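Chain by chain, the residues:
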Amino acid sequence: MAENPETDDTIETTKQNQSEEEVEHSDEQKQEDELRSLLLSDIGDLPLSPPSATQVNFVSYFITDFTKPGHDQYIYRHANGLCVIGLAPTHIAFKDEGGITNIDFNVGKSDRSVLKVSGKRKKNAMRSESNTALCKVSTAKDSYIVRCCVKGSLLEVNERLIKQPQLLNSSADREGYIAIIMPTRPADWTKNKESLITLEEYKAKKEVSL
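Predicted, not measured: the structure shown is a model, and the values here were computed from it.

A. Geometry of the overall build of the chain. Scanning the chain from terminus to terminus reveals six helices and twelve strands. A total of 210 residues make up the chain; the buried ones form 35% of that total. At a minimum sequence separation of 6, the contacts of the chain that also span at least 24 residues come to 58%. Summed over its atoms, the accessible surface of the chain is roughly 13800 Å², and 50% of this surface lies on carbon and sulfur atoms.

B. Looking closely at the nonpolar core. Counting 30 residues, the largest nonpolar core has Ile 75, Ile 85, Leu 134, Val 137, Val 150, Leu 168 and Ile 178 as the members making the most contacts within it. The set of elements that each furnish at least two residues to this core consists of β1 (58-63), β3 (83-87), β4 (100-104), β8 (133-139), β9 (143-147), β10 (152-157), α4 (167-171) and β11 (179-183). Contacts of Ile 178, omitting those with residues within four sequence positions, involve Ile 85, Gly 86, Leu 87, Phe 105, Leu 134, Cys 135, Val 146, Glu 156, Val 157, Asn 158, Leu 161 and Leu 168. Of all hydrophobic cores here, the second largest spans nine residues; its members include Val 84, Ala 88, Tyr 177 and Tyr 202.

C. Molecular detail of the sheet that holds β1. Read from one edge of the open sheet, seven strands run β7-β10-β11-β3-β2-β1-β12, paired in antiparallel fashion. With partners counted over all chains shown, the strands left at the sheet margins are β7 (126-128) and β12 (197-198), one partner each. By the bridge criterion, five bridges tie β10 to β11 in an arrangement that is antiparallel. Paired with Ser 153 across the bridge in β11 is Met 182.

D. Representation of the pairing of β1. In the sheet, β1 pairs with strand β2 (residues 73-78) via six bridges, with the strands oriented antiparallel. Bridging across to β2, Val 59 finds its partner in Arg 77. In terms of strand pairing, β1 meets β12 through two bridges, oriented antiparallel. Looking across to β12, one finds that Phe 62 is bridged to Ile 197.

E. Examining the pattern of salt bridges more closely. Following the criterion strictly, the structure yields seven salt bridges and no others. Lys 206 is the salt-bridge partner of Asp 65, the closest N and O atoms lying 3.8 Å from each other. A residue pair is termed long-range when its members are at least 10 positions apart, and Asp 65 in the loop between β1 and β2 and Lys 206 in helix α6 (residues 199-206) qualify at 141 residues. Here Asp 65 falls in the partly exposed class, since its relative accessible area comes to 35%. Residue classification places Lys 206 among the partly exposed residues on the basis of a relative accessible area of 25%. Here Lys 151 and Asp 188 are joined by a salt bridge, their closest N and O atoms 4.0 Å apart. Here Lys 151, found in the loop between β9 and β10, pairs with Asp 188, found in helix α5 (residues 186-193); they are 37 residues apart in sequence, far enough to count as distant.

F. How the structure looks around the sheet that holds β9. If you trace the three strands from one edge of the open sheet to the other, you get β4-β8-β9, paired in antiparallel fashion. Only two strands of the sheet have a single partner each, and these edge strands are β4 and β9. Averaged over all pairs of adjacent strands, the angle between strand axes in this sheet comes to 25°, irrespective of strand direction. The pairing of β4 with β8 spans four bridges and is classified as antiparallel. The partner of Asp 104 across the bridge, within β8, is Lys 136.

Analysis parameters
Residues numbered from 1 in each chain as written. Predicted model: local features only at pLDDT ≥ 70, side-chain atom pairs only at ≥ 80, totals over all residues. Heavy atoms only, no water. Helix = DSSP H or I, 4+ residues; strand = E, 2+ residues; numbered from the N terminus. Buried < 20%, exposed > 50% of the residue type's maximum accessible area, 1.4 Å probe, protein only. Contact = heavy atoms within 4.5 Å. Areas by Shrake-Rupley, 256 points an atom, 1.4 Å probe, with all protein chains shown as cover. Core = buried A, V, L, I, M, F, W, Y, C linked by side-chain atoms within 4.5 Å. Pairing = 2+ DSSP bridges. Salt bridge = Lys/Arg side-chain N within 4 Å of Asp/Glu carboxyl O. Axes fitted to C-alpha atoms, helices over the stretch in contact; angles between N-to-C directions.

See below:
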């Protein structure tokens with residue numbers, strides 16, 4: 001029986017097409033698997049608890065032993081530059097029995113709680129240096145001055161703390177924040193940041209897990 005060259009060519013072409021389709025399918029499958037691995041993390045890699053809103057929306061910085069031993073504070077910086085100021089978990093006031101019982105914003109030459117900032121230019125905002133007194137927190141044992149930590153404009157203080165100082169004990173990193181400050185210039189923040197440490201550095205230095 002005579003061989004048909006056209007038939008042989010057709011068979012060879014069909015095999016070649018099938019081989020190319022298999023390679024193409026394999027590449028598509030690989031891409032799908034890679035995409036799926038990005039979207040669906042291995043359950044073993046997931047955190048035990050979801051990240052908090054603070055972890056998602058802010059970069060956490062800390063300053064320890066600021067002006068005095070045990071005076072530890074946090075600075076949570078938002079992408080828009082605003083800095084939220086508060087007491088770090090290792091602040092000395094939390095070690096006193098009963099915790100913080102009172103907060104007073106009437107320190108220095110003015111009462112920070114009557115500060116009323118308005119307009120795009122932040123009229124009436126108080127200018128602060130990093131060591132400017134922000135408030136005084138008191139325990140049954142002692143009282144402690146809390147500093148601004150950031151050079152800039154003091155936009156607001158958390159007036160809720162005046163009637164509910166216990167928020168400092170229960171949720172100092174959320175509802176118990178103390179103030180919001182906007183660094184005046186990028187250069188001010190850059191200089192400020194030199195004296196701050198990151199969350200990981202803070203945990204290692206103070207031997208705490210947050």
